[in-house]
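One-letter residues, chain by chain:
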Amino acid sequence: MKQIVLLLALAVLCLCSCGSNASKNTITEEMAYEGVSNYCHSEYDWTVAEDNPDIMTLEMGEETDSAYQVVFRSYTGALVYFYVDKASGSTRMEEYVPALDIKNDAGTINLFDYI
């Protein structure tokens, strides 16, 4: 009888810990925005926007089943699209300069490094 109770307790513990790990690795919309915001504030010079904060913006873009899009607009008019993988936090960046119609791969970051 003690063995059954012990096995049942271990099974419940295992199931509970597995579920909590999965939920910790799921990125929410708020986490995506916060992480990208922290990245942008550490990598881009925001002092040019002190007098006119509207010239640099950060906003949520389109969402798919697997990723969030966060869009940074620089004072130069360039856009950086951040594609945040909901499961892993891996974030792909793509820079777009509308005036020149140029798109470039801008690298990747791990969102968890900026949350």
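Preceding block: the structure.
Residues numbered from 1 in each chain as written. Predicted model: local features only at pLDDT ≥ 70, side-chain atom pairs only at ≥ 80, totals over all residues. Heavy atoms only, no water.

## With respect to the pattern of salt bridges
Applicable threshold: By definition here, a salt bridge exists when the distance from a side-chain nitrogen of Lys or Arg to a carboxyl oxygen of Asp or Glu is within 4 Å. Starting at the N terminus, helices and strands are each numbered in turn, a helix being any DSSP run of H or I of at least four residues and a strand any DSSP run of E of at least two. Summary of the burial criterion: residues with accessible area below 20% of their type's maximum are buried, those above 50% are exposed, and those between are partly exposed, where the area comes from a 1.4 Å probe applied to protein chains only.
In total, this model carries 2 salt bridges according to the counting rule given. Across the pair Lys-86 and Glu-63 runs a salt bridge, and its minimum N-O distance is 2.7 Å. A residue pair is termed long-range when its members are at least 10 positions apart, and Lys-86 in the loop between strand 3 (79–85) and strand 4 (90–97) and Glu-63 in strand 1 (residues 57–63) qualify at 23 residues. For Lys-86, a relative accessible area of 15% gives the class buried.

## Here's the deal with the side chain of Thr-91
To keep it simple, the criterion reads: Throughout this description, a polar contact denotes any pair of N or O atoms lying within 3.5 Å of each other; where both atoms belong to protein, one of them has to be capable of donating a hydrogen while the other can accept it, and for residues adjacent in sequence the pair is counted only when both atoms sit in side chains. Throughout, a contact is declared for two residues whenever any of their heavy atoms are within 4.5 Å.
Mapped onto the fold, Thr-91 is located in strand 4. For Thr-91, a relative accessible area of 0% translates into the label buried. In this structure the side chain of Thr-91 is engaged in a polar contact, spanning 3.0 Å, whose partner is the backbone oxygen of Gly-89. Setting aside chain neighbours within four positions, we find Thr-91 in contact with Phe-82, Tyr-83, Val-84, Gly-107, Thr-108, Ile-109 and Leu-111.

## A closer look at the packing of aromatic side chains
Where two aromatic rings form a pair, the distance of their centres and the angle of their planes describe that pair. What counts here: Paired rings are identified among Phe, Tyr and Trp, the last through its six-membered ring, by centres lying within 6.5 Å, and are further divided according to the angle between planes into stacked (under 30 degrees), edge-to-face (over 60) and tilted (the rest). Cation placement over rings: the criterion is NZ of Lys or CZ of Arg within 6 Å of the ring centroid and within 35° of the ring normal.
Under the counting rule described, the total for this entry stands at 6 aromatic pairs. Arranged with centres 6.3 Å apart and planes meeting at 85°, the rings of Tyr-39 and Tyr-44 form a pair that is edge-to-face. Take Tyr-39: its relative accessible area is 10%, and that puts it in the buried class. Judged by relative accessible area, which is 27%, Tyr-44 ranks as partly exposed. Clustering of aromatic rings is evident, with ring pairs tying together Tyr-39, Tyr-44, Trp-46, Phe-72, Phe-82 and Tyr-114. Sitting over the face of the ring of Tyr-68, Lys-86 holds its NZ or CZ atom 4.7 Å from the ring centroid. Seen from the ring of Tyr-96, Lys-103 lies directly overhead, with NZ or CZ sitting 5.8 Å from the centre.

## Considerations on helix 2 (residues 29–43)
For the record, the criterion: Multiply 1.5 Å by the residue count of a helix minus one, and that product is the helix's expected span.
Over its 15 residues, helix 2 extends 21 Å from the first C-alpha to the last, a length consistent with the 21 Å expected when each residue adds 1.5 Å. Listed in full, the buried residues belonging to helix 2 are Ala-32, Gly-35, Val-36, Ser-37, Tyr-39 and Cys-40. Of the surrounding secondary structure, the elements contacted by the buried residues of helix 2 are strand 1, strand 2 (67–73), strand 3, strand 4 and strand 5 (102–110).

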